[in-house]
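Examining the three-dimensional arrangement
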Amino acid sequence: MTNSIEEMKDNTIYKEVVIVGNGPSGIILSLMLSGRLPCFIHNEHPDEMLSARLKSLNSACLIRQDLAFLAQGLEGRCTNPVSLLMDALLHPCADLGLDLEPLVQFRPKGIEIDHVVVGQGPPGGSWHRIDPNVLTLSLGSWMSLPEVPFPACTINEKRACSRDVAAYYEKYVTDMELTKYFVNDALVTMVKKIGDTEESRAAKKRTIWVKKLDRDVVERVKDYFVPVNEDSENRCFITNAINCLMSRNARRSRHCRRPRAMHQDTLKKINQAKSESILIPKHERKKSISCCSCCGETENNRSPKPLLHSQSLDTFTKPVPFRERLHSSICDEKLPRWLVQSTDVDTGEVTRYSCKYLVLACGSYDSPNRLEIFKNGNDPEWLMHDLRSLESRLDQKLYEGDSVDPVLIVGAGLSAADAVMAVRSRNIPVVHVFRGRSAEFTKQLPENMYPEYHKVRQMMNDGGSTYPLYTAYPEHSLVDFNSETQTVKLASKAGDEVKLKLSFAAVLIGSRPCISFMPPTMQLGIFADREIDSKTNPVEINPLTHEVAGQEGLFAVGPLAGDNFVRYIPGGAVAVVSELYRRWNLVES
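This section reports on the structure supplied with the text. What you see is a predicted model, and the numbers here were worked out from it, not measured in a lab.

The alternating pattern of strand β4 (residues 104–107) places Val104 and Phe106 on a buried face, while none of Gln105 and Arg107, on the opposite face, is buried. Summarising the sheet, strand β3 (residues 37–40) and β4 pair through four bridges and their orientation is antiparallel. Across the sheet, residue Pro38 finds its bridge partner in β4, namely Phe106.

Structure (structure tokens):
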């Protein structure tokens, strides 16, 4: 597809697909929409059942396969079957410690689909906002995207620094020539469905409506319309029918053959057909209707093929493959479904996109969870919700030579553990508050791979009695604070209270996706009464297509859909693109 742009309105740009989020989820989806599709290079897998299913395939392209059939029986650290399938193909038996070559490669076998990826910062998403010195939980090799290996880790033999991951994703977009699809440093501020709005009415003025024939009417009249001999220009029977009705008084014997007799009620039904419509752009208007969605060919590439009456009706109603840039309305009878508004974070310039398909790839680190006492937005200046800001303030304080009072860390997860290590490494006292008795985040983390987290777990279990610069308050909560004196009040389960003076405080109790730009009445989560959370309440999707339940044309990928590790993210992109190819009847080149 070429990059032609249609404007529904002067300031609205039309795109087939709009992707919100430029992290790994948006990057891999953009790669596939640009035409690079996963193709099998061999079908031998250590899993004998999967290997048997792979050997039964007739096509090398994964997009055209029955994904549900291939993914059956697979297990892993996520619940989405296509994500488990892609992980098994890209990282065979990775959880068993094996480092095997992938079974698929991403090759330019698909169609370039016009799309745009909108993100708040540079490509890589939230990886640019994470503390650059923090090591990834996943192995470095699992952080890679297709066709470009992740560079060898410089600090740890197996895990990678966050700054290296962020740089890798930003460079990946350039290396794979995806830059033209990315609009960076732009914040999506509004998304709404397009109904009977000014935008949709403007779109209607630019199109001409051609009524499709009712299926029952087509079945009754198709035998009257037969092609002429192979030396003449061939047309499908619906084309012949429309041309015949449009110019019944003219001599068009070359294009169609008039029926000798036709019942009046049939003619009336044809003229008054109320079925769905096909949109034909003005620039493609002709005196007679050329081949359209019913035969799957254009005027230039049509080859003479006799029409067989034994063919099923579905043969004549296939959408046009996008081998050339055709207006997508020929393939999809509906107008754009979504309107997306974004604002440039530097200039404030507002851009609006309309699209048929909207993909949420926002990640899960945009909005930190907050304690009840801070939910009114009355944060003191010494309170932070991310490690990077805390480290920056501490370094500034140390550079100025000021004495630093203890730092309060609230939380019992990995982010809080990172903060404890960062503060103690600067020889600053830490006060660690958490609601449980001890740490549980190391249960699935082998000690030989994650020694730093096991060290923090020991400190939390010990209470800090044998570790300098560390004091733990298990089963305590922060119940009050004073902004002016920089003091906080802690309370235990038994009701005991402790008052502490601090230099800074960091509340690190997790984060959630920020999708405040979506319509407030749209319930997207599995639990409608809760906020979206990638772990406890992800977006409710069709697991095989990743389309949001009850929202036509809206998809979710990555952490929003429950794929919380980069190694599982390609599966969501495969599910979305496979569904789009199915709807558009696209075929690989």
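Moving on, there is more to tell.
It is worth spelling out helix α2 (residues 48–55) at this point. For α2, the set of buried residues is Leu50, Ser51, Arg53 and Leu54. Angular distribution of buried residues about the axis of α2 spans 160°; they occupy a single face of the element. Exposed side of α2, more than 90 degrees from the buried face: Glu48 and Met49 are the residues found there. For α2, the elements touching its buried residues are β3, α3 (67–71) and α4 (81–90). The opening residue of α2, the one whose side-chain oxygen lies 3.0 Å from the backbone nitrogen of Met49, is Asp47.

The backbone of Asp185 shows a phi angle near 55°, a positive value even though the residue is not glycine. Assessed through its relative accessible area of 29%, Asp185 is described here as partly exposed.

Taken in spatial order, the five strands make up an open sheet running β15-β22-β16-β17-β18, and their pairing is parallel. Only two strands of the sheet have a single neighbouring strand rather than two, namely β15 (383–384) and β18 (470–474). The pairing of strand β17 (residues 430–434) with β18 spans five bridges and is classified as parallel. Directly across from His432, in β18, lies its bridge partner Ala472. Docked against the sheet, helix α11 (residues 387–399) engages β15, β16 (407–410) and β22 (504–507), running at close to 170° with respect to β22.

Right, let's get into a nonpolar patch on the surface. Taken together, the side chains of Leu96, Leu98 and Leu100 present a nonpolar region at the surface, about 290 Å² in accessible area. The topology assignment puts Leu96 in the loop between α4 and β4. Residue classification places Leu96 among the exposed positions, given a relative accessible area of 68%.

Here we take up the sheet that holds strand β21 (residues 497–501). Reading across from one edge, β19-β20-β21 is the order of the three strands in this open sheet, with antiparallel pairing throughout. The sheet is open, and its two edges are formed by β19 (476–482) and β21, each paired on a single side. On average, each strand axis in the sheet is inclined to that of its neighbour by 25°, with strand direction left out of account. As judged from the five bridges shared by strand β20 (residues 487–492) and β21, these two strands associate in the antiparallel manner. When the bridges of β21 are listed, Val488 appears paired with Leu500.

For the structure on display, the rule yields 16 salt bridges. The partner of Arg567 in a salt bridge is Asp95, with the nearest N and O atoms 2.9 Å apart. With Arg567 in the loop between β24 (554–556) and α14 (569–584) and Asp95 in the loop between α4 and β4, this pair connects stretches of sequence that are 472 residues apart. Look at Arg567 and you get buried, because its relative accessible area is 3%. Taking relative accessible area as the criterion, Asp95 reaches 42% and is therefore assigned partly exposed. Glu579 is paired through a salt bridge with Arg583; the nearest N and O atoms lie 2.7 Å apart. Placement of the pair is Glu579 and Arg583 together in helix α14, with a separation of four residues, close to one helical turn. Here Glu579 falls in the buried class, since its relative accessible area comes to 8%.

Next up on the list: the state of the cysteines. Summed over the entire model, instances satisfying the criterion amount to zero disulfides. We note that Cys39 lacks a disulfide partner, and the nearest cysteine sulfur, in Cys61, lies 4.6 Å from it. Take Cys39: its relative accessible area is 4%, and that puts it in the buried class.

Contact geometry for helix α12 (residues 414–424) and helix α13 (residues 451–462): axes closest at 10 Å, N-to-C directions at 85°. By the criterion of interaxial angle, the relationship of α12 to α13 is roughly perpendicular. Here α12 contributes Leu414, Ala417, Asp418, Val420, Met421 and Arg424 to the contact with α13, which in turn contributes Glu452, Tyr453, Val456 and Met459. Its residues assigned to classes, the contact of α12 with α13 comprises seven nonpolar, no polar and three charged.

Let's shift gears to the side chain of Arg567. At a separation of 2.8 Å, a polar atom in the side chain of Arg567 contacts the side chain of Asp87. Residues within four places of Arg567 in sequence aside, it is in contact with Asp87, His91, Ala94, Asp95 and Trp142.

Criteria and thresholds
Residues numbered from 1 in each chain as written. Predicted model: local features only at pLDDT ≥ 70, side-chain atom pairs only at ≥ 80, totals over all residues. Heavy atoms only, no water. Buried < 20%, exposed > 50% of the residue type's maximum accessible area, 1.4 Å probe, protein only. Helix = DSSP H or I, 4+ residues; strand = E, 2+ residues; numbered from the N terminus. Pairing = 2+ DSSP bridges. Arc of directions from axis to C-beta. Contact = heavy atoms within 4.5 Å. Polar contact = N/O pair within 3.5 Å; in protein donor to acceptor, adjacent residues only side chain to side chain. Axes fitted to C-alpha atoms, helices over the stretch in contact; angles between N-to-C directions. Patch = residues over 30% accessible without salt bridge, like charges linked within 9 Å, V, L, I, M, F, W, Y side chains within 5 Å. Areas by Shrake-Rupley, 256 points an atom, 1.4 Å probe, with all protein chains shown as cover. Salt bridge = Lys/Arg side-chain N within 4 Å of Asp/Glu carboxyl O. Disulfide = S-S within 2.5 Å. Parallel < 35°, antiparallel > 145°, perpendicular 65-115°, else oblique. Nonpolar A, V, L, I, M, F, W, Y, C, P; charged D, E, K, R; others polar.

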